[in-house]
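A structural walkthrough
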Amino acid sequence: MSRISVDQVKHVAHLARLAITEEEAEKFTKQLDAIITFAEQLNELDTDNVEPTSHVLELKNVLREDIPQKGLPREEVLKNAPEQQDGQIKVPAIIE
């Protein structure tokens, strides 16, 4: 017994603006039924003492400590700038 019908597959395809053939609807019905069957197996697991998690693995940021360092000298930076004016990099105006 299928948990999802061909008509339901066609309805969802219509909502998603997908054009599917009759053969594709049959194929997707079988595939979706297999997915639902697999998902139902999860209901058999005992999860009473399992805490909810948002990720499978423990996540933490692996960032270096923010230590102030001396930057490049202004002359070194400006020598690579295509245009400069008054010790600053000049860029095209973007406000019309």
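First, a word on scope: everything that follows refers to the structure included in this document. (Residues numbered from 1 in each chain as written. Predicted model: local features only at pLDDT ≥ 70, side-chain atom pairs only at ≥ 80, totals over all residues. Heavy atoms only, no water.)

1. Some points on the side chain of Asp33
Note the following rule: Labels follow the DSSP assignment, with helices taken as runs of H or I lasting at least four residues and strands as runs of E lasting at least two, numbered in each case from the N terminus. A 1.4 Å probe rolled over the protein chains alone gives each residue an accessible area, and that area as a share of the maximum for its type sets the label: buried under 20%, exposed over 50%, partly exposed in between. Each polar contact in these results corresponds to two N or O atoms within 3.5 Å; when the atoms are within protein, one needs to be able to donate a hydrogen and the other to accept it, and residues that are neighboring in sequence are counted only if both atoms are side-chain atoms.
Examined against the element boundaries, Asp33 turns out to sit in helix H2 (residues 22–41). In this structure Asp33 comes out as buried when scored by relative accessible area, which is 16%. A polar atom in the side chain of Asp33 sits 3.0 Å from the backbone nitrogen of Arg3.

2. Description of a nonpolar patch on the surface
To keep it simple, the criterion reads: Note on patches: the residues involved have over 30% relative accessible area and no salt bridge, like charges join within 9 Å, and the nonpolar side chains Val, Leu, Ile, Met, Phe, Trp and Tyr join within 5 Å. We get accessible surface area from the Shrake-Rupley algorithm with a probe of 1.4 Å; when it comes to residues, only the shown protein chains can shield them. We count a salt bridge whenever a side-chain nitrogen from Lys or Arg sits within 4 Å of a carboxyl oxygen from Asp or Glu.
Side chains of Leu72, Val77, Ile89 and Val91 sit close together on the surface and give an oily, nonpolar patch of about 390 Å² of accessible area. The residue Val77 is located in helix H3 (residues 74–78) in this model. Residue class for Val77 comes out partly exposed when judged on its relative accessible area of 34%.

3. Brief notes about the packing of helix H1 (residues 6–15) against H2
Rules: Whenever a helix is involved, its axis is fitted only over the stretch in contact; in every case the axis is a line through C-alpha atoms, and angles between N-to-C directions fall within 0 to 180 degrees. Relative orientations are named as follows: roughly parallel for angles under 35 degrees, roughly antiparallel for angles over 145 degrees, roughly perpendicular for angles from 65 to 115 degrees, and oblique for any other angle. Only heavy atoms matter for contacts: two residues are in contact if any of them lie within 4.5 Å across the pair. Each residue receives one of three labels: charged for Asp, Glu, Lys and Arg, nonpolar for Ala, Val, Leu, Ile, Met, Phe, Trp, Tyr, Cys and Pro, and polar for the others, Gly being one of them.
Interaxial distance between H1 and H2 falls to 9 Å at its minimum, and their mutual angle equals 105°. Accordingly, the angle class assigned to the pair H1 and H2 is roughly perpendicular. Listed contacts from H2 to Val6, Val9 and Lys10 of H1 are Glu22, Ala25, Glu26, Phe28, Thr29 and Leu32. Taken together, the residues of the contact of H1 with H2 sort by class into 5 nonpolar, 1 polar and 3 charged.

4. Here we look at the pattern of salt bridges
It is possible for side chains of opposite charge to pair when their charged atoms get near one another. A full pass over the atoms with the stated rule returns 4 salt bridges. The salt bridge partner of Lys10 is Glu22, with a shortest N-O separation of 2.7 Å. Within this pair, whereas Lys10 is found in helix H1, its partner Glu22 is found in helix H2, the two being separated by 12 residues in sequence. Residue class for Lys10 comes out partly exposed when judged on its relative accessible area of 31%. Glu22 sits in the partly exposed class, given a relative accessible area of 42%.

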